[in-house]
Amino acid sequence: MRIAFIGLGNMGAPMARNLAAAGHSVTGVDLASVEIDGVSMASSIAGAASGVDVAITMLPDGGALRAVAEELIPALTAPACWIDCSTVDIAACRDVHSTAKAAGLHALDAPVSGGVGGAEAGTLTFMCGGSEDAFATAQPLFDIMGAKAVHCGAGGAGQAAKICNNMILGATMIVTCEAFALADRLGLDRQAMFDVVSTSSGASWSVNTYCPAPGIGPEAPSDRNYAPGFATELMAKDLALAEAAAEEVGSQILIGRRAAEIYRTFLGHGGAGKDFSAVLQMLEEASPAEN
Ligand code: NAD
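Reading guide: rules and limits
Residues numbered from 1 in each chain as written. Predicted model: local features only at pLDDT ≥ 70, side-chain atom pairs only at ≥ 80, totals over all residues. Heavy atoms only, no water. Near = heavy atom within 4 Å. Polar contact = N/O pair within 3.5 Å; in protein donor to acceptor, adjacent residues only side chain to side chain. Areas by Shrake-Rupley, 256 points an atom, 1.4 Å probe, with all protein chains shown as cover. 1 Å grid on protein atoms, 1.4 Å probe; cavity = no way out; pocket = protein on both sides within 12 Å on 5 of 7 lines; lining within 4 Å. Sits in = over half its atoms within 2 Å of the grid points. Nonpolar A, V, L, I, M, F, W, Y, C, P; charged D, E, K, R; others polar. Helix = DSSP H or I, 4+ residues; strand = E, 2+ residues; numbered from the N terminus. Expected span 1.5 Å × (residues − 1). Bend = angle between axes of the 7 residues up to and from the residue. Buried < 20%, exposed > 50% of the residue type's maximum accessible area, 1.4 Å probe, protein only. Contact = heavy atoms within 4.5 Å. Points joined across faces, edges and corners; volume = space filled by probe spheres on them. Pairing = 2+ DSSP bridges. Phe/Tyr/Trp six-rings, centres within 6.5 Å; stacked < 30°, edge-to-face > 60°.

**Student:** How would you explain the site of the ligand if you had to name every residue and give the values?
**Tutor:** If you check the shell around the ligand, you find 23 residues, and the closest are Asn-10, Met-11, Asp-30, Leu-59 and Lys-237. Contact distances for the ligand include 2.9 Å between an oxygen atom and a backbone N or O atom of Asn-10. Protein coverage of the free-state accessible area of the ligand, which is 830 Å², stands at 84%. Applying the majority rule of atoms within 2 Å of the grid points places the ligand in the largest pocket. Its residues placed into classes, the shell around the ligand shows 13 nonpolar, seven polar and three charged.

Pasting the structure below:
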């Protein structure tokens, strides 16, 4: 396929590289100057998108998505397929879906889980919203960039799944960190804590795969001085999307909202630039008065 790939940052660059390595013709565009093996770079979105079968976007937020959509949609020729893999607010997602549809394009929101490691290894999970046709067109590309793609429903369903998943992850990580900090103060050995919880009803991805306590469990950002991984800024962003979505539909997210507040606080207390699991450090330092 001829593919335009817009947004070649931490995630987009390895995804584009994998598509090119699998034999697709990939033309990339980014605001920054980027070099990627096998990917030819264009100087404009219109230049990259002209005549392609598929356009993929991997952008920071809904604002960037709306800005790119203005240039991308007129540059694509129907019935090209646009796959947006960014994590964005539901409103931006729905707006660009309807503009793309009006232009005769197939569109899919397909945010991902799996992080930079998953993007590099081609083991991402894609959660998709859009038509059956769009999903079928995108499936062979998901097979290259990922290990699993789930068609969740109509346009916006992929973003909804992503927002809900990350709300669970964000809240679970905080309570995991609280439990390790409490266990420390109770004099419980961290390895014993891990051995019990990882095989008991408290088990979760946050404990078993991404343990926030350094030196415990499989290799994780905590073992690399909390270099991300998944940056606290991104988790705060995703929880803000959950808050906005819950507001829009009148859903009560008591723990999700509290988790969002905690990551925002953490960003002002040493969390900027660190993996979101480093919230353990803030909780370890908390004095009783802060309870
Ligand atoms: P990033 O900031 O590293 O990359 C985004 C890229 O988009 C940058 O290179 C930027 O220059 C480019 N860009 C922005 N506006 C542009 C425009 N108008 N035209 C062309 N290029 C433009 O971000 P990332 O870590 O690659 O994340 C991308 C998306 O994936 C985000 O929505 C994020 O929430 C989501 N995500 C990230 C991770 C992760 O672990 N990093 C995991 C899952 C999902």
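On we go from here.
**Student:** Account for helix α3 (residues 62-75), with residues named and values stated.
**Tutor:** The end-to-end C-alpha separation of α3 is 20 Å, in line with the 20 Å expected for 14 residues at 1.5 Å each. Residue Ala-69 marks the point of greatest curvature in α3, where the axis turns by about 35°. Of the residues making up α3, those classed as buried are Gly-62, Leu-65, Val-68, Ala-69, Leu-72, Ile-73 and Ala-75. Of the surrounding elements, those touching the buried residues of α3 are β1 (2-6), α2 (45-49), β4 (54-57), β5 (81-84) and α4 (90-102).

**Student:** I'd love a proper account of the layout of surface pockets, names of residues and values included.
**Tutor:** To find the voids left in a structure, one rolls a probe of water-molecule size over its atoms. Size it by volume and the largest pocket reaches roughly 1300 Å³. In this structure, the largest pocket is lined by 50 residues; those nearest its centre are Asn-10, Met-11, Met-58, Phe-230 and Leu-234. Ranked by residue count, the leading element in the lining of the largest pocket is helix α7 (residues 157-185), at six residues. A per-class count over the lining of the largest pocket returns 25 nonpolar, 18 polar and seven charged.

**Student:** Describe the pairing of strand β6 (residues 106-109), naming the residues involved and giving the relevant values.
**Tutor:** Here β5 pairs with β6 via four bridges, running parallel. Residue pairing in the sheet places Asp-84 in a bridge with Asp-109 of β6. Strand direction decides the pairing type here: β6 and strand β8 (residues 124-130), joined by two bridges, are antiparallel. What sits directly across from Leu-108, in β8, is Gly-130.

**Student:** Describe unusual backbone geometry, listing the residues and the values that go with them.
**Tutor:** Leaving glycine aside, a negative phi is the common case for residues, and trans is the common case for peptide bonds. Here the residue pair Ala-78 and Pro-79 is connected by a cis peptide bond, since its omega of 5° sits within 30 degrees of zero. Within the element layout of this structure, Pro-79 appears in the loop between α3 and β5. Across the junction of Pro-228 and Gly-229, the peptide omega takes the value 20°, indicating a cis bond. Following the sequence through the fold, Gly-229 ends up in the loop between α9 (205-208) and α10 (232-249). For Asn-225, which is not a glycine, the phi torsion comes out positive at approximately 55°. Residue placement: Asn-225 occurs in the loop between α9 and α10. A residue is classified by how much of its surface remains accessible, and Asn-225, at 63% relative accessible area, is exposed. In this model, Tyr-226 sits at a positive phi of 65°, which is unusual for a non-glycine residue. Structurally, Tyr-226 is set in the loop between α9 and α10.

**Student:** Provide a residue-level description of the packing of aromatic side chains, including the pertinent values.
**Tutor:** We describe a pair of aromatic rings using the distance from one ring centre to the other and the angle between the two ring planes. This structure, assessed with the given rule, holds six aromatic pairs. Between Tyr-210 and Phe-276, the aromatic rings sit 5.6 Å apart at their centres with planes inclined by 35°, giving tilted as the arrangement. Note that Tyr-210 is positioned in the loop between α9 and α10 and Phe-276 in the loop between α11 (254-271) and α12 (279-285), a separation of 66 residues in sequence. Grouping residues by exposure puts Tyr-210 and Phe-276 together as buried. Accessibility expressed as a relative area gives 1% for Phe-276, which makes it buried. Aromatic rings pair up to connect Trp-205, Tyr-210, Phe-230, Tyr-263 and Phe-276 into one cluster.

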